[in-house]
Structure formats: C-alpha cells, structure tokens
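Read off the chains here:
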Amino acid sequence: ISHNEALSKGGGLYLDDSNLSLINMIINGNSTANDGGGIYLTDNSISVITNVEIASNTAGSGGGLYSNNARITIDNCVILSNEATDLGGGICSQNNTELTVLNSSIVENISLDGSGGGMLTSISSGSLSNCIVRGNSAFSSGGGLLMQSSTEPWVLDNVLIASNTTQGIGAG
C-alpha cells in the first residue's frame, strides 16, 4: 500500500467497524491532512498486523497508524520514519483502543508540533512486549512514548526505550 493520499483520514487504509488482518506487507509513503497517514482504524475495528513495515507516512495525527475505539495487535512489525504534525508520529491510539505491540520496533518517528514522537496513547489500554522504541522525537512531550489518561494500566515487558528526544517533558 504505497503513495496514496486522502484529504481527510486514512491515507493508505481506512477501516470503520471492520475486521482486517495485514500480513507480510509494506505500507509506505501515504499521507493525509488529518488522522492516519498509513492506517486509520475506528468504531470497533479489529486488526491484526503481522510482519508489516509501516514507513514514511505523514498525517496530522498518527503518521503511521491512528486508532479510535479499536482493538489492534501489532506483531513483528517496524514502525519507521513516520511523521505527524500534531500527535503520535508513529502511532496515535485514542478513545478506548486496546493496543498490543509485540516483537516490534518503533524508530525514528516524529511529532513536529505536538506530542508522542514514537507513540501517543490517550484514554486507551494495552501492552508493549519485546519492543524497541528508539530515535523518536516530539516537540512538546513524549519523545518516545506518551501515555495519558489510561483506561487500564499499561504493561511494558522487555522494552528498550533509548535515544528519544523532546523540547518539553518526558523524552523516553
């Protein structure tokens, strides 16, 4: 899924109240002015994303992936060099999303004017296990990860968080 452009949401892929498995794919170079440069999931969508590279996508929020009230499992994936002008350069997970990230790398993503360079979660729950969060940056807060207003405790298990930056608070 490559080099697509949406004016509103879901530059590469848009899911609304749908179920989808993505396996052995590359999602790159997609863009949208609003949410979900690579992938946008909303309204009870369920997605399993396995062996996928999500790279070089751009959006207002969720450069690589944006989720709103969805359930997502990301396994053995690379979230690389995505860009958001506002929230979540790599991933933006909001409003009752359940997000599980396993055996994956979230690297070199950027939030230009906002928060959560690698990943931002708000009013969401989930876990990261056996992951690398490295070299991400955000303007205001959460260079690597920013987790706010969680609905349940987040679980981080064997996660390397390194070399992330922010001009504000919480570089890691």
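Counting starts from 1 at the beginning of each chain's written sequence and moves along it residue by residue. Selection of residues for local features in this predicted model requires a pLDDT of at least 70, selection of side-chain atom pairs for listing and counting requires 80 or more, and totals for whole chains, interfaces and linings are taken over all residues. Note that the side-chain values use all heavy atoms of the structure and ignore hydrogens as well as water.

Student: Could you clarify how one ought to interpret the packing of aromatic side chains in this entry?
Tutor: Between the rings of Phe, Tyr and Trp (Trp by its six-membered ring), a pair exists once the centres lie within 6.5 Å; its type follows the angle of the planes, with under 30 degrees stacked, over 60 edge-to-face, and the other angles tilted. Across all of its chains, the model carries 2 aromatic pairs by this definition. For the pair Tyr-14 and Tyr-40, a centre-to-centre distance of 4.9 Å together with 5° between the ring planes defines the contact as stacked. With Tyr-14 in strand 2 (residues 13-16) and Tyr-40 in strand 5 (residues 39-42), this pair connects stretches of sequence that are 26 residues apart. The interplanar angle of 5° and the centroid separation of 5.2 Å between the aromatic rings of Tyr-40 and Tyr-66 together place this pair among those described as stacked. Here a strand is any run of E in DSSP of at least two residues, a helix any run of H or I of at least four, and the numbering for each starts at the N terminus.

Student: What exactly am I supposed to notice about the side chain of Gln-94 here?
Tutor: Here Gln-94 lies in strand 12 (residues 91-94). Residues adjacent in sequence count toward polar contacts only when both atoms are side-chain atoms; beyond that, a polar contact is any pair of N or O atoms within 3.5 Å, and within protein one must be able to donate a hydrogen and the other to accept it. A distance of 2.8 Å separates a polar atom in the side chain of Gln-94 from a polar atom in the side chain of Tyr-66. Every residue pair with non-hydrogen atoms within 4.5 Å of one another is taken to be in contact. Setting aside its immediate chain neighbours within four residues, Gln-94 contacts Tyr-66, Ser-67, Asn-68, Asn-69, Leu-87, Leu-120, Ser-122, Ile-123 and Ser-124.

Student: What should I look at first to understand the environment of Ile-132 in this one?
Tutor: Its place among the elements puts Ile-132 in strand 17 (residues 125-134). The spatial distance from the C-alpha of Ile-132 to the C-alpha of Ala-162 is 8.0 Å, given a sequence separation of 30 residues.

Student: Would you take a moment to explain unusual backbone geometry for this structure?
Tutor: Most peptide bonds take the trans form, and the phi angle of most residues other than glycine is negative. Although it is not a glycine, Asn-24 adopts a positive phi angle of roughly 55°. In this structure, Asn-24 sits in strand 3 (residues 19-28). Burial here depends on accessible area, computed with a 1.4 Å probe over protein chains only, as a share of the maximum for the residue type. Under 20% is buried, over 50% is exposed, and the range in between is partly exposed. Accessibility expressed as a relative area gives 57% for Asn-24, which makes it exposed. If you check the backbone angles, Asn-69 has positive phi at about 55° while not being a glycine. Within the secondary structure layout, Asn-69 lies in the loop between strand 8 (65-68) and strand 9 (71-75).

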